[in-house]
Amino acid sequence: MAKILYCLTIVILSLFTSCSNSTLQLFGDYSSEFGKYAEQLDTDKQKQALQQLMETDSSKYKSDLTVKAFYDSISTAGMPWLWFTDEGISSDVSDLLEVMKANLEDALLNTESFYIDDIDTDLDVIQGLKFDSVGRDINEVLMHLEYNLSKAYVKYVTGMRYGFVRPDKLLNKLYFREDRGYWAHLFDYEVMPPNYKETADHLSRGDRMEYLLASKPAAPKLYKSLVNGLKSESDTIKRRKILAGMERCRWRLNHPEYEKRKVLINLPAQQLWTIDNGSVDSMRICCGAWSTKTPLLCSQLAYMQINPEWSLPPKIVESDFARHVGDSAWFARHKYFVVNRKTGDTLNIAHIGREGLKNGGLRFVQRGGANNSLGRIVFRFLNNFSIYLHDTNTRGVFQRDRRTVSHGCVRVQKPFELACFLLPDADDWTRDRIRISMDIPPVTERGMKYLQTHTNAPRPLRLIDYHGIKPKVPVFIVYYTAFPNPDTGLLEYWPDFYGYDKPTLNAMTGLLKKI
């Protein structure tokens, strides 16, 4: 019995030793994804290959320049490579490519500009162990892959997170005012510039894939709507409008979709929408002419004035009043008067010559009332351009298809309705006081009696001159030539009458596919 046990022990030990040797041989020779080529891995050669890549890289993209600087720093610090080890390629690579390829396709972004084709070629060589057949050293291939993966990551993440175009740099250097000698300021949003360094720093962090997945356009709901529209649209002109809109969605600024209650103005649509959760109302607008474009901005509507006087900006005085200098009848007919700023005295227009138009000491004012160019009500908000929303005394202009007629302000078709939206808690008498002050028939018994007892009173009847808006209501002036109607949700297309789409897409030349 003892002899039998001894023999069995010998057999088991022999089998164990044989299996152990086989296992050791299997993982010893092939534990690396690079197979026999793992023996050729050489850190010095990799550093040399990387240095040569960076020296011959002529790209001027800030994302690529940032990656260069990043590799200079990690090379000095002796940090490990980011996308591979001696055992093989990081699993993050396949996840990165899956995300990028899907989203680049949705946005019609050129994969070649994101080095996807070169990355796929290198991966094919590595995974097929084709180094000898293509005549490339494994260290050179791995560093080519490493460098391109990092450049792809930083360019994609910063582009999706911040946009590929700097709107403030582009739009504020688009239109030079020859008459004034400076560039027109057309874009006044506070926009966050791309943070290339932050993105590059995530390359070596454990959360780089989470950061990648979180790098989405700043207006995701609108972006998704435009992506869906692009997939179903074949018309080239409309597709270009959508692509321009998708880039604007990427700009990291205060987008309207984050506010439940707001006033939204889309200039190409020449429409204003009042939006309060699911409740939407719309009205036509008039906006700035080509030479006096309405700027893009966001602010908060703070107060309204009924029957406002209009203090004319000096540039309007110089451009529009020169031919009427000395014509007292014309000034009287249009309810204009001139005030000395220092003394407050009203001056005789007959004594003011052309030079007086340029005199900073004079203030040209139009009296409030039915003939005032601002109409019967104006809605004020802080901004850098002295623009506002207002009624108009020439209401026929709202019947035009193209309504780019103002000096930059926005004229609204339904000013009383806008006032009611901004004052949701106003009582019936407050609303009737606004109506009566605007020469709109009252609806309350108290309002009707007031009119009956003031039949002969001078017009306008000034029951209310000012009303604060509390809480303040956000107002957004945006520019989308393809935009889902806030009321219907249907994607609508509008003329690019300010010409912003073309330079936006031109700035993305090379990034976008040809359509």
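Everything numeric in this text was worked out from a predicted model, so none of it was measured.

Calculation criteria
Residues numbered from 1 in each chain as written. Predicted model: local features only at pLDDT ≥ 70, side-chain atom pairs only at ≥ 80, totals over all residues. Heavy atoms only, no water. Helix = DSSP H or I, 4+ residues; strand = E, 2+ residues; numbered from the N terminus. Rg over C-alpha atoms; globule rule 2.2 N^0.38 Å. Buried < 20%, exposed > 50% of the residue type's maximum accessible area, 1.4 Å probe, protein only. Contact = heavy atoms within 4.5 Å. Lys, Arg positive; Asp, Glu negative; His and termini not counted. Charge placed at Lys NZ, Arg CZ, Asp CG, Glu CD. 1 Å grid on protein atoms, 1.4 Å probe; cavity = no way out; pocket = protein on both sides within 12 Å on 5 of 7 lines; lining within 4 Å. Points joined across faces, edges and corners; volume = space filled by probe spheres on them. Nonpolar A, V, L, I, M, F, W, Y, C, P; charged D, E, K, R; others polar. Axes fitted to C-alpha atoms, helices over the stretch in contact; angles between N-to-C directions. Left-handed = near helix turned anticlockwise from the far one by under 90°. Pairing = 2+ DSSP bridges. Phe/Tyr/Trp six-rings, centres within 6.5 Å; stacked < 30°, edge-to-face > 60°. Lys NZ or Arg CZ within 6 Å of the ring centre and 35° of its normal. Salt bridge = Lys/Arg side-chain N within 4 Å of Asp/Glu carboxyl O. Core = buried A, V, L, I, M, F, W, Y, C linked by side-chain atoms within 4.5 Å.

## Section: the overall build of the protein chain
Secondary structure assignment for the protein chain yields 19 helices and 19 strands. Computed over the C-alpha atoms, the radius of gyration of the protein chain is 34 Å, more than 25% above the 24 Å expected from 2.2 N^0.38 for a compact globule of 515 residues. Viewed in the frame of its principal axes, the protein chain has a C-alpha envelope of about 130 × 60 × 45 Å. Among the 515 residues that make up the protein chain, the fraction classed as buried is 48%. Put simply, 69% of the contacts in the protein chain that link residues at least 6 apart link residues at least 24 apart. The protein chain carries 67 positive and 62 negative side-chain charges, and their two centres are separated by 11 Å.

## Considerations on empty space enclosed by the protein
Summed over all chains, the structure comprises two cavities of 30 Å³ or more. Looking at the largest cavity, its volume works out to about 110 Å³. In this structure, the largest cavity is lined by Phe187, Tyr189, Arg248, Trp251, Leu253, Asn254, His255, Pro256, Leu296, Val478, Tyr479 and Tyr480. Classifying every residue of the lining of the largest cavity gives nine nonpolar, two polar and one charged. In this structure, the second largest cavity spans a volume of roughly 30 Å³.

## Let's talk about the packing of helix 4 (residues 92-106) against helix 5 (residues 116-127)
One way to put it is that helix 4 packs onto helix 5 with a least axis distance of 12 Å and a crossing angle of 145°. In the crossing of helix 4 with helix 5, the sense of the turn from one axis to the other is left-handed. Residue-level inspection shows Val93, Leu97, Met100, Lys101 and Leu104 of helix 4 in contact with helix 5, the latter providing Ile116, Ile119, Asp120 and Leu123.

## A short note on the sheet that holds strand 11 (residues 346-347)
A sheet is described by the order of its strands in space; here four strands give the open sequence 9-12-10-11, paired in antiparallel fashion. In this open sheet, the two strands that pair with only one neighbour each are strand 9 (310-311) and strand 11. Sheet topology note: the strand 10 (residues 336-340)/strand 11 ladder contains two bridges and is antiparallel. Looking at the pairing, Val339 lines up with Thr346 of strand 11.

## Points about the packing of aromatic side chains
Overall, the coordinates contain 20 aromatic pairs when judged by the stated rule. Taken together, a centroid distance of 5.2 Å and an interplanar angle of 35° make the contact between Tyr303 and Tyr466 tilted. With a gap of 163 residues between them, Tyr303 in strand 8 (residues 297-306) and Tyr466 in strand 17 (residues 466-478) connect regions that are remote in the sequence. On the accessibility criterion, Tyr303 (27% relative accessible area) is partly exposed. With centroids separated by 4.6 Å and ring planes inclined at 45°, the aromatic side chains of Tyr479 and Tyr500 adopt a geometry described as tilted. Here Tyr479, found in the loop between strand 17 and strand 18 (482-484), pairs with Tyr500, found in the loop between strand 19 (491-493) and helix 19 (501-506); they are 21 residues apart in sequence, far enough to count as distant. Lying over the aromatic face of Tyr61, Lys155 brings its terminal NZ or CZ to 3.7 Å of the ring centre. Looking at Lys293, its charged tip hangs above the ring of Trp290, at a distance of 3.6 Å from the centre.

## Some points on helix 16 (residues 415-422)
Of all eight residues making up helix 16, seven are buried, and the element is well covered by its neighbours. Along helix 16, the residues classified as buried are Pro415, Phe416, Leu418, Ala419, Cys420, Phe421 and Leu422.

## As for the pairing of strand 12 (residues 362-366)
The element strand 12 is largely enclosed, with a buried count of four among its five residues. With two bridges connecting them, strand 9 and strand 12 associate as antiparallel partners. Paired with Ser311 across the two strands is Val365, which belongs to strand 12. Across five bridges, strand 10 lies against strand 12 in antiparallel orientation. The residue bridging Phe337 from the neighbouring strand is Val365, located in strand 12.

## Some remarks on the pairing of strand 7 (residues 279-288)
Consecutive residues of a regular strand have side chains that alternate between opposite faces of the sheet. Summarising the sheet, strand 6 (residues 271-276) and strand 7 pair through six bridges and their orientation is antiparallel. Following the sheet pairing, Leu272 is matched in strand 7 by Met283. Taking the residues between adjacent antiparallel strands as the criterion, strand 6 and strand 7 are bridged by two residues, where Asn277 takes a positive phi near 55°. Inspection of the sheet shows strand 7 paired to strand 15 (residues 404-406) by two bridges, in the parallel sense. Bridge pairing in strand 15 links Gly288 to Ser406.

## Quick word on the pattern of salt bridges
As enumerated under the stated definition, the model contains 20 salt bridges in all. Where Arg435 meets Asp432, a salt bridge forms, and the shortest distance between an N and an O atom there is 3.0 Å. With Arg435 and Asp432 both in helix 17 (residues 428-437) and three residues apart, the pair spans about one turn of that helix. Overall, the relative accessible area of 14% leaves Arg435 in the buried class. In this structure, Arg462 and Asp465 form a salt bridge, with 3.8 Å as the shortest nitrogen-oxygen distance.

## A closer look at unusual backbone geometry
Each neighbour pair has its own omega, and for Arg459 with Pro460 the value is 0°, a cis peptide bond. With an omega dihedral of -5°, the bond running from Lys470 to Pro471 counts as a cis peptide bond. Residue placement: Pro471 occurs in strand 17. Here the phi dihedral of Leu129 falls at roughly 50°; this positive angle occurs in a residue that is not glycine. Take Leu129: it is sitting in the loop between helix 5 and helix 6 (131-134). You can call Leu129 partly exposed: its relative accessible area is 33%. Despite not being glycine, Asn307 has its phi angle at roughly 55°, a positive value. Looking at the element boundaries, Asn307 is found in the loop between strand 8 and strand 9.

## Some thoughts on the nonpolar core
Judged by nonpolar contacts, the single largest core of 142 residues is most densely connected at Tyr71, Val263, Ile265, Leu267, Phe379, Leu389 and Leu422. If you tally residues by element for this core, the top one is helix 7 (residues 138-162), at 14 residues. In contact with Leu267, other than residues within four places in its own chain, are Ile285, Cys287, Thr294, Leu296, Ile477, Val478, Tyr479, Phe497 and Tyr498.

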